[in-house]
Amino acid sequence: MEKTTAAPNGDGSGMVKLTATADNAISYKYVFTDGTTENAPNGIFTKRFTKTGLNKYTVTVIASGKGGVATNTTIDVEVLSNFSDDEAVQFLTAGTSKKWYWSASEPGHLGVGQNDGDATKNYYANYYMAGAFEKAGSPSSSCLYENVLTFSLEGEQLKFELNNGGSTFFNAAFASVAGGSGPDDSCLSYNTSGKKSVSLSPSESVVMSNPNHATQTRGTTMNFSDNGFMGYYIGQSSYEILSITANRMVVRAVMGGNPALAWYHIFTTTKPTQAPPADFTKLVWSDEFNTDGAPDATKWNYDLGKGDNGWGNNEKQNYTNSATNVIVQGGSLKITAKKEASGGADYSSARLKTDAKFAFTYGKIEVKAKLPIGAGTWPAIWMLGQNYATKPWPACGEIDIMEHVGNNQNVILSTLHYPGHSGGSGNTGSKTIPNVSTEFHVYKAVWSAASVTTFVDDVQIHSVPNDGSLPFNSDFFLILNVAMGGNLGGNIDAAFTQSSMEIDYVRVYQ
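Residues numbered from 1 in each chain as written. Predicted model: local features only at pLDDT ≥ 70, side-chain atom pairs only at ≥ 80, totals over all residues. Heavy atoms only, no water.

1. Some thoughts on the side chain of Glu-240
Condition: A run of H or I in DSSP becomes a helix once it reaches four residues, and a run of E becomes a strand once it reaches two; helices and strands are each numbered from the N terminus. Partly exposed describes any residue whose relative accessible area lies between the buried limit of under 20% and the exposed limit of over 50%, with all areas from a 1.4 Å probe on protein chains only and scaled to the type maximum. Neither His nor the chain ends contribute to the count of charged residues, in which Lys and Arg are positive and Asp and Glu negative. We define a salt bridge as a contact between a side-chain nitrogen of Lys or Arg and a carboxyl oxygen of Asp or Glu at a distance within 4 Å. Pairs of N or O atoms within 3.5 Å make up the polar contacts considered here, provided that, within protein, one atom can donate a hydrogen while the other can accept it, and that residues adjacent in sequence are counted only when both atoms are side-chain atoms. By definition, residues are in contact when any of their heavy atoms lie within 4.5 Å.
Within the element layout of this structure, Glu-240 appears in strand S18 (residues 238-244). As a buried residue without a salt bridge, Glu-240 has its nearest oppositely charged side chain in Arg-252, at a separation of 4.2 Å. Of the polar contacts made by the side chain of Glu-240, one reaches the side chain of Ser-203; its length is 2.9 Å. In terms of polar contacts, Glu-240 uses its side chain to reach the side chain of Ser-205, at 2.8 Å. Ignoring anything within four residues of it in the chain, the contact list for Glu-240 reads Ser-203, Ser-205, Val-207, Met-208, Thr-217, Thr-220, Thr-221, Val-250, Val-251 and Arg-252.

See the structure below:
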């Protein structure tokens, strides 16, 4: 093994080109005293040593041959490094150890932009910037905000550890790293435990070529050992510090495998907390279902029949107002889907609604329910815009507080439908909730001018920001039903006979 540099101790950059040769070797591995290792199949590797001044380092190289035969040797390398950023290290660690979090309340805490020679645009997220708490609205992305990034100083070595809560937000291009697939970024189970070593080096990004780079970047790059990364997996382990203070840091990283893109992350030392959705506490309408018999006719009416094309979803039931399909009994409303010839269909069921009897704009809706069971069952607790006659669906808007399909037991869906997000392209979220068909749970929506957020037993399922362009700012009415089969319900178990959705109460607060 030999080192080659232009000057005896280097040019001050800390860069050393290491070349190892051995008879019959098929691969080489370098082991450094900072705790990092590097595989070098051809024996050549360039290492940046970052300790400021003239320092001696011991380097071990392991040469491996066929059959697992390996030999190793060590060499002392004396290297001059003039680069340091003690202030950044102090900001990162406070001299000992410091925790950092995604600055989720700050617009642009996650963003992406171009990485090219355009000095007017290559230093900020000009393609996309996440809104405040944008990733909190879906279980497929909310894991990002669980990240705790700890920087610590051990002796003179900067260390880093990512606690991801067991799940990492992966860019879709790298989902396969964690066994995932699909076109969208997603939270995937991934082990990030263990401390990584961090070396600092002068930035060599395109930003440094900008005329105004001194105002656009600190010029310091953090290099994480062993594939370390800062919470969002983009196949990159080097992050340029654009700015840093004692409580805020902005970094930039070129995407692995796609050098045309640069990602931007903003971190803070105080974990942001998302303000709860506007709460509504005045009970304005309810049905406690305490009087046995037919549902209260002053509050509910029915959709009846098979509906055109199975209510538009190829459903297999005929809706009735028969007591065998819908009844208040023992303190609960029971909507029962049955396998029986009914109105030209093979199944009967019921659909209740408050259409033209009670509608409202904004509020908190709580429905305590136990769901039916069986492949093919498709119960729903939902709302439809009261103006559906003049603004046909999806223009009237639809809020699905809860949908469940027996073919995907215990997965609760919550979806908003509106123009551009109708049918199978609804704006949807889901979460696994145990025992939905054996126990009562409270299905809740909190609907305001700012957002529509849904919950099961106070566990958030989905949240969609609301604004004036959406149809969720006028009166809606309530619907309760159990469908069979159809586009979402899927195949019906041939052995299915009957099953009920039981509802303890429906309450609306404003």
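2. Some details on helix H1 (residues 86-93)
Along H1, the residues that are buried comprise Ala-88, Val-89, Phe-91, Leu-92 and Thr-93. Where H1 terminates, the next one or two residues include Ala-94, which has phi positive at roughly 55°.

3. Observations concerning the sheet that holds strand S29 (residues 377-385)
Rule in force here: Between any two strands, pairing holds if DSSP finds at least two bridges. Helix axes are fitted to C-alpha atoms over the stretch in contact, other axes to C-alpha atoms as well, and angles between N-to-C directions run from 0 to 180 degrees.
Ordered by their spatial adjacency, 7 strands build an open sheet running S22-S27-S36-S29-S30-S31-S32, and the pairing between neighbours is antiparallel. Of all strands in the sheet, those bounded by a partner on one side alone are strand S22 (301-303) and strand S32 (427-432). This sheet shows a mean twist of 20° between the axes of neighbouring strands, independent of strand direction. Pairing analysis gives 6 bridges linking strand S31 (residues 411-417) to S32, with the strands arranged antiparallel. By the bridge assignment, Leu-413 is partnered in S32 with Ser-430.

4. Thoughts on the pattern of salt bridges
Pairing of side chains with opposite charge becomes possible as their charged atoms draw close. Counted by the stated rule, this structure contains 13 salt bridges. Where Asp-85 meets Arg-218, a salt bridge forms, and the shortest distance between an N and an O atom there is 2.7 Å. Of this pair, Asp-85 sits in the loop between strand S7 (70-81) and H1 while Arg-218 is found in the loop between helix H2 (213-216) and strand S16 (220-224), placing the two residues 133 residues apart along the sequence. In this structure Asp-85 comes out as buried when scored by relative accessible area, which is 10%. Between Glu-154 and Lys-195 there is a salt bridge; the shortest N-O distance is 2.5 Å. A residue pair is termed long-range when its members are at least 10 positions apart, and Glu-154 in strand S11 (residues 148-154) and Lys-195 in the loop between strand S14 (186-189) and strand S15 (196-202) qualify at 41 residues. Taking the relative accessible area as the measure of exposure, Glu-154 reaches 36% and is therefore partly exposed.

5. A word on the layout of surface pockets
The criterion, for reference: For each structure, a 1 Å grid was placed over the protein atoms alone; sets of points admitting a 1.4 Å probe that cannot get out are labelled cavities, open sets with protein on both sides within 12 Å along at least five of seven lines are labelled pockets, and lining residues have an atom within 4 Å of a point. Grid points are joined across faces, edges and corners, and a volume is the space filled by probe spheres set on the points.
There is about 840 Å³ of room inside the second largest pocket. Forming the boundary of the second largest pocket are 34 residues, of which Asn-313, Trp-378, Trp-393, Glu-398 and His-417 lie nearest the centre. Taken together, the elements giving at least two residues each to the lining of the second largest pocket come down to helix H3 (310-314), strand S27 (351-353), S29, strand S30 (398-403), S31, S32, strand S36 (476-484) and helix H4 (486-489).

6. Observations regarding the environment of Lys-368
Relative to the elements of secondary structure, Lys-368 occurs in strand S28 (residues 363-370). Excluding residues that lie within four positions of it along the chain, Lys-368 makes contacts with Phe-440, His-441, Val-442, Glu-502, Ile-503, Asp-504 and Tyr-505.

7. A closer look at the pairing of strand S13 (residues 167-170)
Burial along S13 is two-sided: the residues Ser-167 and Phe-169 and Thr-168 and Phe-170 are all buried. Relative to S14, S13 runs antiparallel, the two being bridged by 4 bridges. Each residue of the ladder has a partner; that of Phe-170, found in S14, is Ser-186. Bridging between S13 and strand S17 (residues 232-233) involves 2 bridges; their strand directions are parallel. From the neighbouring strand, Phe-169 faces S17, where its bridge partner is Tyr-232.

8. Some words on the sheet that holds S14
Strand order in this open sheet of 3 strands is S14-S13-S17, and the pairing throughout is mixed. If you trace the sheet from one side to the other, it starts and ends with S14 and S17, each paired once.

9. Section: the confidence of the model for the protein
What counts is decided by this rule: Within a predicted model, pLDDT stands for the predictor's per-residue confidence, ranging from 0 to 100.
When the pLDDT values of the protein are averaged, the result is 93; 98% of them are 70 or greater. Contacts of residues 1-6 to residues separated by more than four positions or lying in other chains number 20 contacts, the stretch itself having pLDDT below 50.

10. Topic: the environment of Cys-396
If you trace the backbone, Cys-396 turns up in the loop between S29 and S30. Overall, the relative accessible area of 1% leaves Cys-396 in the buried class. Taking the C-alpha atoms as reference points, Cys-396 and Ser-474, 78 residues apart in sequence, are found 9.1 Å from one another. Ignoring any residue separated from it by four or fewer positions in sequence, one finds Cys-396 in contact with Leu-384, Gly-385, Asn-387, Tyr-388, Lys-391, Pro-471 and Phe-476.

11. Observations regarding the packing of aromatic side chains
Going by this rule: Two aromatic rings from Phe, Tyr or Trp, using only the six-membered ring of Trp, form a pair when their centres are within 6.5 Å; if the ring planes differ by under 30 degrees the pair is stacked, by over 60 it is edge-to-face, and anything between is tilted.
Taken as a whole and assessed by the stated rule, the structure comprises 30 aromatic pairs. Seen in terms of ring centroids, Trp-285 and Phe-358 are 4.9 Å apart; in terms of plane orientation they differ by 5°. Their pairing is stacked. With Trp-285 in strand S21 (residues 283-287) and Phe-358 in the loop between S27 and S28, this pair connects stretches of sequence that are 73 residues apart. Overall, the relative accessible area of 13% leaves Phe-358 in the buried class.

12. As for unusual backbone geometry
Following Trp-393, the chain continues into Pro-394 via a peptide bond in cis, with omega recorded as 10°. Within the secondary structure, Pro-394 sits in the loop between S29 and S30. The phi dihedral of Ala-94 is positive, around 55°, even though this residue is not glycine. Relative to the helices and strands, Ala-94 is located in the loop between H1 and strand S8 (97-102).

13. Things to note about the state of the cysteines
Our working definition: Any cysteine sulfur atom paired with another within 2.5 Å is treated as part of a disulfide.
Summed over all chains, the structure comprises 1 disulfide. Through a disulfide, Cys-143 is tied to Cys-187; the S-S separation comes to 2.0 Å. Because the sign of the S-S torsion sets the handedness, a value of about -95° for the bond joining Cys-143 and Cys-187 places this disulfide among the left-handed ones. A residue pair is termed long-range when its members are at least 10 positions apart, and Cys-143 in the loop between strand S10 (128-129) and S11 and Cys-187 in strand S14 qualify at 44 residues. Residue class for Cys-187 comes out buried when judged on its relative accessible area of 17%.

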